[in-house]
Amino acid sequence: MIEFNDVTKIYGGDVKAIDDISMTVEDGEFVILLGPSGCGKTTLLRMVNQLESISQGDIKIQGQNVREMDKIKMRRNTGYVIQSNGLFPNMTIEDNTMIVPDLLGWDRKKKKDRFNYLMDLVGLNPDDYRKRFPHELSGGQQQRVGVARAMAADPPVMLMDEPFGALDPIIREKVQDEFLAIQKEVKKTILFVSHDIDEAVRMGDKIALLRDGKVQQFDRPSELLIRPNNDFVSDFVGKDRVLRSMSLYSVEDLVTTFGLKNKEDTITDTKEISIDTSLRIAISMLLNQEADQLVIVDRQGQAKGSLTFDLIEKFLHQEVKGA
Amino acid sequence: MNAKKVTSYVIRLILWTLVIAFFFWAISENMFGKIFEEPGKFMELLGRHLELVSISAGLAILTSVPLGILITRPSFRRSEWLIVNIANLGQTIPSLAVLALAMGFLGIGLKAAIVALYIYSLLPILQNTIAGLDSVRPEMKDAAKGMGLTPAQVLFKIELPAAASSIIAGIRTAVVLNIGTAALAYLIGGGGLGVWIFTGIQLFDNQTLISGAVPVTLLAVLVDLLFRGIEYLLVPKGIRLARKSAMESV
Ligand SMILES: Nc1ncnc2c1ncn2[C@@H]1O[C@H](COP(=O)(O)OP(=O)(O)O)[C@@H](O)[C@H]1O
Ligand SMILES: [Mg+2]
C-alpha cells in the first residue's frame, strides 16, 4: 500500500509542482498517473523512491514513511522503469537485468534462475539474449528487458515513468498487453505515469488525473469516462469518451444486464460475435458489416441472441448515461 | 565517402613512402651513427627522457582524472567552468613559456622540467575526463540511482566504463604531446634526447640531430600504439561494439 498524505512539492522556492495530494494505492493495484505534460506526474512518482525530496506532507509504503527509510535499501526494493529504458550499454542483458540482485549479493545460481524466469516472463529467450548488449536489441525488446530488470529482485512496488512512451504504436500495444498479462500473474502494486488516455484506460485499475499538481479525479477508468468530475476531466478524456468507455465492457456484460437466454432459432446468414468481444469492437463490427445484427455466441459456441445497435444503445443508457 | 577513402589512402601511401625514403637516406648516410658510437650516452638520454615523461604524465593523470571526476559530481557542478577556464588558460601559454616560468620558480634542472611538463599535460586529460563523464546520458545515471546504486557504484559501474574511451584518449594525447615537448627540457637543463637535438641544431650536425629526433618520434608513435591497445582492453566490449555499429550505420 502506498499512501500520499497532503503531499506538496515546491521546486526552487516558488514552483509548486505538486499541490497537496492525498490518495491511497492499495496492494496489488495498478494505478495510472495521467495528465498533460508538466502537470507533475514524474515529480509525484519520483518522490516515492526519494529521487525528489518531499517538500510537505508524507508518503508511506506499507505504513512506513519513505523519508525515514534507508534510501538505497528502499530503492533496491522498489522497481523503477523509465521511458528511455536506461539499460547500461557496457553490460550484457544478463548483467543489466541482474544488477539489483547483484547488489543484494545473490549467488550465481539464483541469479541465473531468476534471469531465465524473467526472460520467459517477458517473452524473450534467455539463452538468445544472455550475452548480448543493449544496442543489439530493438526498442520493444529493450523495454521488455527494462521491465524484467525492474522486477529482478521481486519488489512489491513498481514505479514506471512512461515506460512504453518511446515505442511505436503497434509495438506499444503489444508490450502493454504483455505487461498486463504479467501483472495478472505477479500482482505488483504499480504507479504508472502516462499522458495517453487510451493507455490509461487499457491498463489501469484506477486512474489519477492530474492538472497543475492537483488530482482532478481518482477513479476507476469507467467512472472517469462516464462520470467526469469537472470540465477538465471530460475535456481530457475527450468528446468520444462514451465510445471509449465501450472498450471497458464486453458483450457478456450486455448479455448479463439484459439476461439474454440461449436461443435456438439461429439466423444463419449473419456474422457471429463472441461474448468476450468488447462493445467498442462490436460497434465497429456492426458498422463494417453493414448488417443489422450479429449473433452472440458464448464460449461453448451456443447462440445467446442477436446484437443490434438498438440493444447497445439501450445498454448505454442504462449503464453509462443513467444512474 | 569513397573519394574520401581514396584520398586518405593516397595520402597515407605518400607519407609512408617519404618515411621509408627518409630512413633509407638516413641509414645510407650513417645518420644514426651517433647512437652506435655512444650507446651509453644514448641510453642515458633516452632514460632521462622517459623519466621526464613518465613522472610528469603520471602525476598529471593522478591529478586530472580525480579532479575531473570531482568537478562533475552534482555538488561541484557550479565550479566546473571556473576550473576548466583556469586549465584552459594554462594551455594557451606556449610550452616554452611554461618552461621559462617553471625555471623562474624552481631554477634549472630536472625538477623544473618535470613541473613544466606536468602542468602542460593536465589539461587534455582533464578536458577529456570531463567530456567523457558529461557524455553519459542523464537517464542512465537516473535509472542507476533509482535502482539503488550508491553514488560510488554509479561512478564505477556506469559512468567510468562509459567515459573510459574518452579519458584514455585524453591521456594518450597528453603523453604523446609530452614526449615531444620533453625535448625542450634541454633548454632548462632537464636533459633527455633534446640534448642531441639542440646540440645538432647549434652545431649544424645532422647526425647528432637525427640521432636525437628520430628516437623521440618513434617513442611517440610507440606510445600512441600502446595506449590504443590499452583503450581496447579497458573500454567495455558493449560500448566498443555499440560505437562500431553506430559508426557503420551512418
Ligand atoms: N528539477 C526541477 N526544477 C524545477 N522545476 C521542475 C523540476 N522538475 C520539474 N519541474 C517543474 O515541475 C512541473 C512538473 O514537472 P513534471 O513532474 O516533470 O511533469 P510531468 O511528468 O507531468 O510532465 C513542471 O512545471 C516542471 O517544469
Ligand atoms: Mg514526466
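Residues numbered from 1 in each chain as written. Chains lettered and ligands numbered in written order. Predicted model: local features only at pLDDT ≥ 70, side-chain atom pairs only at ≥ 80, totals over all residues. Heavy atoms only, no water.

**Student:** Before we move on, can you summarise the domain arrangement of chain A with the specific residues and values?
**Tutor:** Frequently, the measure chosen for interface size is the accessible area removed from exposure when the parts meet. As far as domains go, chain A holds domain 1 (2–237) and domain 2 (249–322). Each of domain 1 of chain A and domain 2 of chain A has a C-alpha centre, and the two are 36 Å apart. (Domains from an automatic or database assignment.)

**Student:** Give me the lowdown on the site of ligand 1, citing residues and values where you can.
**Tutor:** All names here are of chain A. In the vicinity of ligand 1, the contacting residues are Tyr-11, Ala-17, Pro-36, Ser-37, Gly-38, Cys-39, Gly-40, Lys-41, Thr-42 and Thr-43. Within the contact set of ligand 1, an oxygen atom lies 3.3 Å away from a backbone nitrogen or oxygen of Cys-39. No other element matches the three residues that helix H1 (residues 41–48) contributes to the shell around ligand 1. Here the shell around ligand 1 is composed, by residue class, of four nonpolar, five polar and one charged. (Near = heavy atom within 4 Å. Polar contact = N/O pair within 3.5 Å; in protein donor to acceptor, adjacent residues only side chain to side chain. Helix = DSSP H or I, 4+ residues; strand = E, 2+ residues; numbered from the N terminus. Nonpolar A, V, L, I, M, F, W, Y, C, P; charged D, E, K, R; others polar.)

**Student:** Residue-level account of the interface of chain A and chain B, with values.
**Tutor:** Facing the 23 residues of chain A at the interface are 23 residues of chain B. Between chain A and chain B, roughly 2000 Å² of surface is buried when both sides are summed, and carbon and sulfur atoms account for 67% of that area. Summed over the three residues of chain A that lose the most area to chain B, namely Phe-88, Asn-90 and His-135 of chain A, the buried surface amounts to 25% of that side. Counting the contacts that link chain A with chain B gives two salt bridges. (Contact = heavy atoms within 4.5 Å. Buried area = accessible area lost by both parts, 1.4 Å probe. Salt bridge = Lys/Arg side-chain N within 4 Å of Asp/Glu carboxyl O.)

**Student:** Tell me about the pattern of salt bridges, and please be specific about residues and values.
**Tutor:** Residue and element names in this part refer to chain A. The tally for this structure, following the rule as stated, stands at 28 salt bridges over all chains. With its nearest N and O atoms 3.8 Å apart, the salt bridge here joins Lys-174 to Glu-178. Of the two residues, Lys-174 and Glu-178 both sit in helix H8 (residues 169–186), four residues apart, roughly one turn of that helix. Between Arg-220 and Glu-223 there is a salt bridge, with its nearest N and O atoms 3.7 Å apart.

**Student:** Before we move on, could you go through the sheet that holds strand E1 (residues 2–11) of chain A and cite the residues and values that matter?
**Tutor:** Sheet strands pair by backbone hydrogen bonding; their relative direction is either parallel or antiparallel. All names here are of chain A. Read across the sheet, four strands follow the order E2-E1-E4-E5 without closing on themselves; strand pairing throughout is antiparallel. Here the strands that pair on one side only, and so sit at the sheet edges, are strand E2 (15–25) and strand E5 (64–65). In terms of strand pairing, E1 meets strand E4 (residues 56–61) through five bridges, oriented antiparallel. Pairing of Thr-8 across the sheet is with Gln-56, part of E4. The strands touched by H1 are E1, E2 and E4; relative to E1, the strand with the most contacts, the crossing angle is about 120 degrees. (Pairing = 2+ DSSP bridges. Axes fitted to C-alpha atoms, helices over the stretch in contact; angles between N-to-C directions.)

**Student:** So what's going on with helix H7 (residues 138–146) of chain B? Which residues, and what values?
**Tutor:** Of the positions making up H7 of chain B, those classed as buried are Met-140, Asp-142, Ala-143, Ala-144 and Gly-146 of chain B. In this fold, the buried residues of H7 of chain B make contact with H1, helix H2 (71–76), strand E6 (78–82) and helix H7 (139–150) of chain A together with helix H8 (151–181) of chain B. Gly-148 of chain B, located one to two residues past H7 of chain B, shows a positive phi value of around 95 degrees. (Buried < 20%, exposed > 50% of the residue type's maximum accessible area, 1.4 Å probe, protein only.)

**Student:** So what's going on with the domain arrangement of chain B? Residues and values would help.
**Tutor:** Domain parsing of chain B yields domain 1 (1–30) and domain 2 (34–249). Summarising the inter-unit geometry, the C-alpha centres of domain 1 of chain B and domain 2 of chain B are found 28 Å apart.

**Student:** Run through the packing of aromatic side chains, naming residues and quoting values.
**Tutor:** Under the counting rule described, the total for this entry stands at 12 aromatic pairs over all chains. For the pair Phe-30 of chain A and Phe-192 of chain A, a centre-to-centre distance of 5.5 Å together with 55 degrees between the ring planes defines the contact as tilted. Of this pair, Phe-30 of chain A sits in strand E3 (residues 30–34) while Phe-192 of chain A sits in strand E8 (residues 189–194), placing them 162 residues apart in sequence. With a relative accessible area of 0%, Phe-192 of chain A lands in the buried category. Ring centres 5.6 Å apart and planes at 85 degrees place the aromatic pair Phe-22 of chain B and Phe-23 of chain B in the edge-to-face group. Residue Phe-22 of chain B is classed as partly exposed on the basis of its relative accessible area, which comes to 31%. The exposure class of Phe-23 of chain B is partly exposed, given its relative accessible area of 25%. Between the NZ or CZ atom of Lys-110 of chain A and the centre of the ring of Trp-106 of chain A, over which it lies, the distance is 4.2 Å. (Phe/Tyr/Trp six-rings, centres within 6.5 Å; stacked < 30°, edge-to-face > 60°. Lys NZ or Arg CZ within 6 Å of the ring centre and 35° of its normal.)

**Student:** Describe in detail the sheet that holds strand E13 (residues 303–308) of chain A, supporting the description with residues and values.
**Tutor:** All names here are of chain A. Strand order in this open sheet of three strands is E11-E12-E13, and the pairing throughout is mixed. The open sheet has two edge strands, strand E11 (272–274) and E13, and neither has a second partner. With strand direction ignored, the average angle separating the axes of adjacent strands in the sheet is 35 degrees. Where strand E12 (residues 293–297) meets E13, five bridges bridge the pair, whose relative direction is antiparallel. Its bridge partner being in E13, Ile-296 is matched across the sheet by Gly-305.

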